[in-house]
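# Working through the structure, step by step
Residues per chain are reported as follows:
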Amino acid sequence: MSAFVGEHRERFGVEPICSALGVSASAYYERASGRRSDRQVEDERLLRKISELHEANYCAYGYRRTWKALLRAGEDVGRDRVRRLMRQNGIQGAKRRGKPWRTTKADTKATRSPDLVQRDFTASRPDEK
């Protein structure tokens with residue numbers, strides 16, 4: 001957006017372009033100045049802390065445990081903010097809920113145990129098969 005406004009500002013002006021795009025002119029000027037917002041600076045600091053915690057815990061913590069660890073470390077941060085930062089930067093725990101945890105891969109060349117019941121699991125009484 002900033003590049004587009006910068007290219008056409010001499011011809012149309014900043015305010016008409018911004019109103020046509022549905023953004024405020026002050027947002028363009030803020031972005032053009034190169035100054036970062038306080039939230040962006042704080043997010044970067046918090047992301048460094050999250051990355052350190054994630055590495056220190058063998059990349060096993062998801063956003064909930066990371067959030068709890070941040071609270072224990074004295075950071076006053078919301079759970080959803082931790083979740084957003086981790087999601088945006090591709091940081092995730094070792095196991096996601098609802099997904100099976102695959103620890104080994106089956107060897108296709110290994111011999112399998114024989115099927116003694118021929119895949120028939122019906123039984124007329126307990127302990128028959």
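Model, not experiment: these values are computed from the prediction.

Each value, and the rule that gives it
Residues numbered from 1 in each chain as written. Predicted model: local features only at pLDDT ≥ 70, side-chain atom pairs only at ≥ 80, totals over all residues. Heavy atoms only, no water. Helix = DSSP H or I, 4+ residues; strand = E, 2+ residues; numbered from the N terminus. Expected span 1.5 Å × (residues − 1). Buried < 20%, exposed > 50% of the residue type's maximum accessible area, 1.4 Å probe, protein only. Arc of directions from axis to C-beta. Contact = heavy atoms within 4.5 Å. Axes fitted to C-alpha atoms, helices over the stretch in contact; angles between N-to-C directions. Parallel < 35°, antiparallel > 145°, perpendicular 65-115°, else oblique. Nonpolar A, V, L, I, M, F, W, Y, C, P; charged D, E, K, R; others polar. Core = buried A, V, L, I, M, F, W, Y, C linked by side-chain atoms within 4.5 Å. Phe/Tyr/Trp six-rings, centres within 6.5 Å; stacked < 30°, edge-to-face > 60°. Lys NZ or Arg CZ within 6 Å of the ring centre and 35° of its normal.

## Here we look at helix H4 (residues 38-56)
End to end, H4 covers 27 Å across 19 residues, agreeing with the expected 27 Å (1.5 Å per residue, within 8%). Restricting attention to buried positions, one finds in H4 the residues Asp43, Leu46, Leu47, Ile50, Leu53 and His54. The arc that holds the buried residues of H4, viewed along the axis, is 130°, so those residues lie on one side. Relative to its buried face, H4 has exposed residues pointing more than 90 degrees away, namely Asp38, Arg48, Glu52, Glu55 and Ala56. Where the residues of H4 are buried, they touch helix H5 (63-72) and helix H6 (79-88). With its phi angle positive at about 60°, Tyr58 sits one or two positions after the end of H4.

## With respect to the packing of H4 against H6
Relative orientation of the contacting elements H4 and H6 amounts to 80°, with a least axis distance of 10 Å. Judged by the inter-axis angle, H4 sits roughly perpendicular to H6. Contact residues: H4 offers Arg39, Glu42, Asp43, Leu46, Leu47, Ile50 and His54, while H6 offers Arg81, Val82, Arg84, Leu85 and Met86. Along the lines of polarity and charge, the residues of the contact of H4 with H6 split into six nonpolar, one polar and five charged.

## Comments concerning the nonpolar core
Of all hydrophobic cores here, the largest spans 14 residues; its most connected members are Leu46, Ile50, Leu70, Val77, Val82 and Met86. The residues touching Val77, leaving out its near neighbours within four places in the chain, are Leu46, Trp67, Leu70, Leu71 and Val82.

## Considerations on the packing of aromatic side chains
If you walk through the whole model with that rule in mind, you get one aromatic pair. When the ring centre of Trp67 is taken as reference, the NZ or CZ atom of Arg79 above it lies at 5.9 Å.

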